[in-house]
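# Chain and residue survey
As a plain string of letters, each chain reads:
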Amino acid sequence: MVVLGIESSCDETAVGIVQDGCILRANVVLSSMDLHAAYGGVVPEIAARSHIEAITTVVAQALEQADCTWDDIDAIAVTYGAGLGGSLLIGVLTARTLAITKGKPLYAINHVEAHVYANFITSTALPGYALQAAPPQFPIVALIASGGHSQLVLWRGHFDYTLLGQTQDDAVGEAFDKVAKIIGLPYPGGPSVEKKAKEGNAHAYALPKAKMDGKYDFSFSGLKTAVLRAAQNAIGEDFRFASKNLPERLSEAQKADIAASFQRVAVETVVDKAIRAFEEFGPASVVIAGGVAASPELRRQLSERLPIPITYTDFKLCTDNGAMVAALGCYQAMRGQPVADPYTLDIAPNLSM
Ligand code: KG4
Ligand code: ZN
């Protein structure tokens, strides 16, 4: 079963080809990130236009990388939600057109579920990938942490899962992005906070962890505000000081300490809940997924605190990519899940789990 997966929910135009749900044949990702950096966040209109310009080339490159022709592709999978409407539309229309013209079955994929399936990819002939040696075993506790999502999910089997909890406000990646902006680090915030944090003291600032009613729910807006107050305080100003003027007043050492303290607490917040879920449900595996799964601090804290060994997939499969979409598409096809109608499949920007 060879599936071509298309991902265009945000700023990455991505196509992956996966065989049998576990063999990575191609993973081509073209990001329009550089075009958004000047604005400090993704601009939906620019993202959508970039997808239009890139998508056919990215599909062709993926086929070439996998050394495939359309005859070798058994099915097409596409992210239909959640995401930016204009961006999703380009991927979905491309997938629908290809499904019709090439005569392939079409599978509609939930972006957040797909992130988890990046962990099922275990082998490749492509250079430069560090993959897990074996797929995770059910039941699985999955921590999904990205720019748009922070969720804790219990997976009992393929297509059989329960949402345990989720963020009540910002996603964890979004908190990284906003904190980066406060202290004047470039977008996207995750990698730039991570880099700056290396020079700082993670205990320099006492930042709060939100106490939530829901046992497995998260909140990051209070932490973000606490970072803002700590930064204002660090330069001897109060809450009236405009945040846009903070970066020029903060020293590099203060920025590094704030980045390190924030990163420690943000990661602890999600790891606390993941450990709690582990203790309650005793899963066979724990996996992390989404852009923040690329965080070495998250990997370090989880490995340290989990009583079972945990393995992590390649950084390139943590952030948005088409291979995760293709991997989930393979499982849908191999396990007889319903196909989508290529003449009517619509986008679902607010799709939840
Ligand atoms: O999964 P993803 O590529 O896109 C969404 O579906 O949202 O995740 C992007 C998010 C961004 O917020 C980015 O700041 C964050 O993942 N991220 C990280 C790291 N690398 C990316 N956060 C923390 N540490 C990192 N190393
Ligand atoms: Zn994502």
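This report concerns the structure included in the present document. (Residues numbered from 1 in each chain as written. Chains lettered and ligands numbered in written order. Predicted model: local features only at pLDDT ≥ 70, side-chain atom pairs only at ≥ 80, totals over all residues. Heavy atoms only, no water.)

## Topic: the coordination of the zinc ion (ligand 2)
Each pair of donors in an ideal octahedron of six around a metal sits at 90 or 180 degrees, and each pair in an ideal tetrahedron of four sits at 109.5 degrees. We count it as follows: We call an atom a donor if it is N, O or S and sits within 2.8 Å of the metal, or 3.2 Å for Na, K and Ca. Water is not counted, so some sites may look partial. Numbering of helices and strands starts at the N terminus; helices are DSSP runs of H or I of at least 4 residues and strands are runs of E of at least 2. Exposure classes here rest on a 1.4 Å probe applied to the protein chains alone. A residue is buried below 20% of its type maximum, exposed above 50%, and partly exposed in between.
Coordination of the zinc ion (ligand 2) by the protein comes from His111 (NE2), His115 (NE2) and Asp320 (OD), over a distance range of 2.0 to 2.1 Å. Sequence positions of the residues that donate to the zinc ion (ligand 2) give the spacing H-x3-H-x204-D. With a gap of 209 residues between them, histidine 111 in helix H4 (residues 111-117) and aspartate 320 in the loop between helix H11 (315-318) and helix H12 (322-334) connect regions that are remote in the sequence. Take histidine 111: its relative accessible area is 4%, and that puts it in the buried class.

## Quick look at the sheet that holds strand S1 (residues 2-7)
The criterion, for reference: Strands qualify as paired when DSSP identifies two bridges or more between them. Note on contacts: a residue pair is in contact if any heavy atoms of the two residues lie within 4.5 Å. Interaxial angles span 0 to 180 degrees and are taken between N-to-C directions of axes, which are lines fitted to C-alpha atoms, for helices over the stretch in contact.
With respect to topology, six strands assemble into an open sheet ordered S5-S4-S1-S2-S3-S6, the strand pairing being mixed. Looking at strand neighbours, the two that pair on one side only are strand S5 (106-110) and strand S6 (123-124), the edges of this open sheet. Here two bridges tie strand S3 (residues 23-31) to S6, and the two strands are oriented parallel to one another. What sits directly across from isoleucine 23, in S6, is serine 123. In the packing of helix H2 (residues 44-65) onto the sheet, contacts are made with S1, strand S2 (12-19) and S3, and the angle to S2 comes to roughly 25°. The strands that helix H3 (residues 85-102) touches are S1, strand S4 (75-81) and S5; relative to S4, the one it contacts most, it runs at about 155°.

## Regarding the packing of aromatic side chains
Formally: Any two of the Phe, Tyr and Trp rings considered here, Trp counted by its six-membered ring, make a pair once their centres fall within 6.5 Å; the pair's planes then place it as stacked at under 30 degrees, edge-to-face at over 60, or tilted in between. Lysine and arginine charges are scored as sitting over a ring when NZ or CZ, respectively, is within 6 Å of the ring centre and within 35 degrees of the ring normal.
Inspection of the entire model under this criterion finds nine aromatic pairs. When the ring of phenylalanine 120 is compared with that of phenylalanine 138, the centres are 6.1 Å apart and the planes differ by 35°; the resulting orientation is tilted. Highlighted residues: phenylalanine 120 in the loop between H4 and S6 and phenylalanine 138 in the loop between S6 and strand S7 (140-145), separated in sequence by 18 residues. Look at phenylalanine 120 and tyrosine 331: their rings are 5.5 Å apart centre to centre, the planes differ by 65°, and that puts the pair in the edge-to-face class. Of this pair, phenylalanine 120 sits in the loop between H4 and S6 while tyrosine 331 sits in helix H12, placing them 211 residues apart in sequence. For the pair shown, phenylalanine 120 and tyrosine 331 are each scored as buried. Ring pairs connect the aromatic residues Tyr117, Phe120, Phe138, Trp155, Tyr161 and Tyr331, which therefore count as one cluster. Lying over the aromatic face of phenylalanine 239, arginine 240 brings its terminal NZ or CZ to 5.8 Å of the ring centre. Over the ring of tyrosine 129 we find lysine 316; its NZ or CZ atom is 4.4 Å from the centre of that ring.

## Topic: the environment of tyrosine 107
Tracing the sequence through the fold places tyrosine 107 in strand S5. Of the residues examined, tyrosine 107 reaches a relative accessible area of 6% and is grouped as buried. Those residues within four positions of tyrosine 107 in sequence are excluded, and the remaining contacts are Ala75, Ile76, Ala77, Val78, Gly329, Gln332, Ala333, Gln337, Pro338 and Val339.

## Points about the site of ligand 1
Worth spelling out the cut-off: Nearness here has a simple test: a residue counts as near a molecule or strand if at least one of its heavy atoms is within 4 Å of that partner. Counted as a polar contact is a pair of N or O atoms within 3.5 Å, where, for protein atoms, one must be capable of donating a hydrogen and the other of accepting one, and residues adjacent in sequence contribute only when both atoms are in side chains. All accessible-area figures derive from a Shrake-Rupley calculation using a 1.4 Å probe, and residue coverage is judged against the displayed protein chains alone. Each residue is assigned to one of three groups, with Ala, Val, Leu, Ile, Met, Phe, Trp, Tyr, Cys and Pro labelled nonpolar, Asp, Glu, Lys and Arg labelled charged, and all others, Gly among them, labelled polar.
Residues in close proximity to ligand 1 total 20 residues, the closest being Gly147, Asp177, Gly190, Glu194 and Gly291. Measuring from an oxygen atom of ligand 1, one finds a side-chain N or O atom of histidine 115 at 3.1 Å. One of the side-chain nitrogen or oxygen atoms of aspartate 177 is found 2.8 Å away from an oxygen atom of ligand 1. Across the complex, the protein chains shield 89% of the 550 Å² of accessible surface that ligand 1 would expose by itself. Broken down by class, the residue content of the shell around ligand 1 amounts to four nonpolar, twelve polar and four charged.

## Considerations on the packing of helix H5 (residues 172-182) against helix H7 (residues 221-234)
Stated formally: Angle categories: roughly parallel below 35 degrees, roughly antiparallel above 145, roughly perpendicular from 65 to 115, and oblique for all the rest. Definitions for this section: a left-handed crossing has its near helix turned counterclockwise from the far helix by less than a right angle. A right-handed crossing has that turn clockwise.
Interaxial distance between H5 and H7 falls to 10 Å at its minimum, and their mutual angle equals 15°. What the angle tells us is that H5 and H7 run roughly parallel. Seen along the crossing, H5 lies across H7 with a hand that is right-handed. Each of Lys178, Val179 and Ile182 in H5 lies in contact with H7, whose residues at this interface are Lys224, Val227, Leu228 and Ala231. Grouping the amino acids of the contact of H5 with H7 by side-chain chemistry returns five nonpolar, no polar and two charged.

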